[in-house]
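# Examining the three-dimensional arrangement
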Amino acid sequence: MYIYKSETLYVSTKWFTDKASANDCKELDDLLNKRMSEGWELVTYNYMATAIQVKGGFVITFRKLK
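These numbers come from a predicted model, not from an experiment.

### Description of a nonpolar patch on the surface
Nonpolar side chains collect at one region of the surface, where Tyr 2, Tyr 4, Val 43 and Leu 65 lie side by side and expose about 410 Å² of accessible area between them. Position of Leu 65 among the secondary structure elements: in strand 3 (residues 56-65). Residue Leu 65 is classed as exposed on the basis of its relative accessible area of 59%.

Here it is as structure tokens:
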């Protein structure tokens, strides 16, 4: 049986582009590497933008054996 953990990782504000910045990628990598070192496995992720496409975030779900 697994236990699950979901987190939101907000990205930097986007004024002129919807592309991920180098800092956005580093923050995502840092979170993934931290959770993996704690024994969590990535299950799924989804990018969720705001209605005006200025700021969004990733909802990330991890799991590990109970």
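### Notes on the nonpolar core
Ranked by size, the top nonpolar core spans eight residues in total: Leu 9, Val 11, Leu 31, Leu 32, Trp 40, Phe 58, Ile 60 and Phe 62. Contributions of two or more residues to this core are made by helix 1 (22-37) and strand 3.

### Focus: the packing of aromatic side chains
The geometry of an aromatic ring pair is captured by the separation of the ring centres together with the interplanar angle, meaning the angle of the planes. Counted by the stated rule, this structure contains three aromatic pairs. A ring pair is formed by Tyr 47 and Phe 58, whose centres lie 5.4 Å apart and whose planes are at 65°; its orientation type is edge-to-face. Highlighted residues: Tyr 47 in strand 2 (residues 41-49) and Phe 58 in strand 3, separated in sequence by eleven residues. Using a relative accessible area of 37% as the deciding quantity, one classes Tyr 47 as partly exposed. By relative accessible area, Phe 58 is classed as buried at 15%. Among the aromatic residues, those joined into a cluster by ring pairs are Tyr 45, Tyr 47 and Phe 58.

Reading the values: rules and limits
Residues numbered from 1 in each chain as written. Predicted model: local features only at pLDDT ≥ 70, side-chain atom pairs only at ≥ 80, totals over all residues. Heavy atoms only, no water. Patch = residues over 30% accessible without salt bridge, like charges linked within 9 Å, V, L, I, M, F, W, Y side chains within 5 Å. Areas by Shrake-Rupley, 256 points an atom, 1.4 Å probe, with all protein chains shown as cover. Salt bridge = Lys/Arg side-chain N within 4 Å of Asp/Glu carboxyl O. Helix = DSSP H or I, 4+ residues; strand = E, 2+ residues; numbered from the N terminus. Buried < 20%, exposed > 50% of the residue type's maximum accessible area, 1.4 Å probe, protein only. Core = buried A, V, L, I, M, F, W, Y, C linked by side-chain atoms within 4.5 Å. Phe/Tyr/Trp six-rings, centres within 6.5 Å; stacked < 30°, edge-to-face > 60°.

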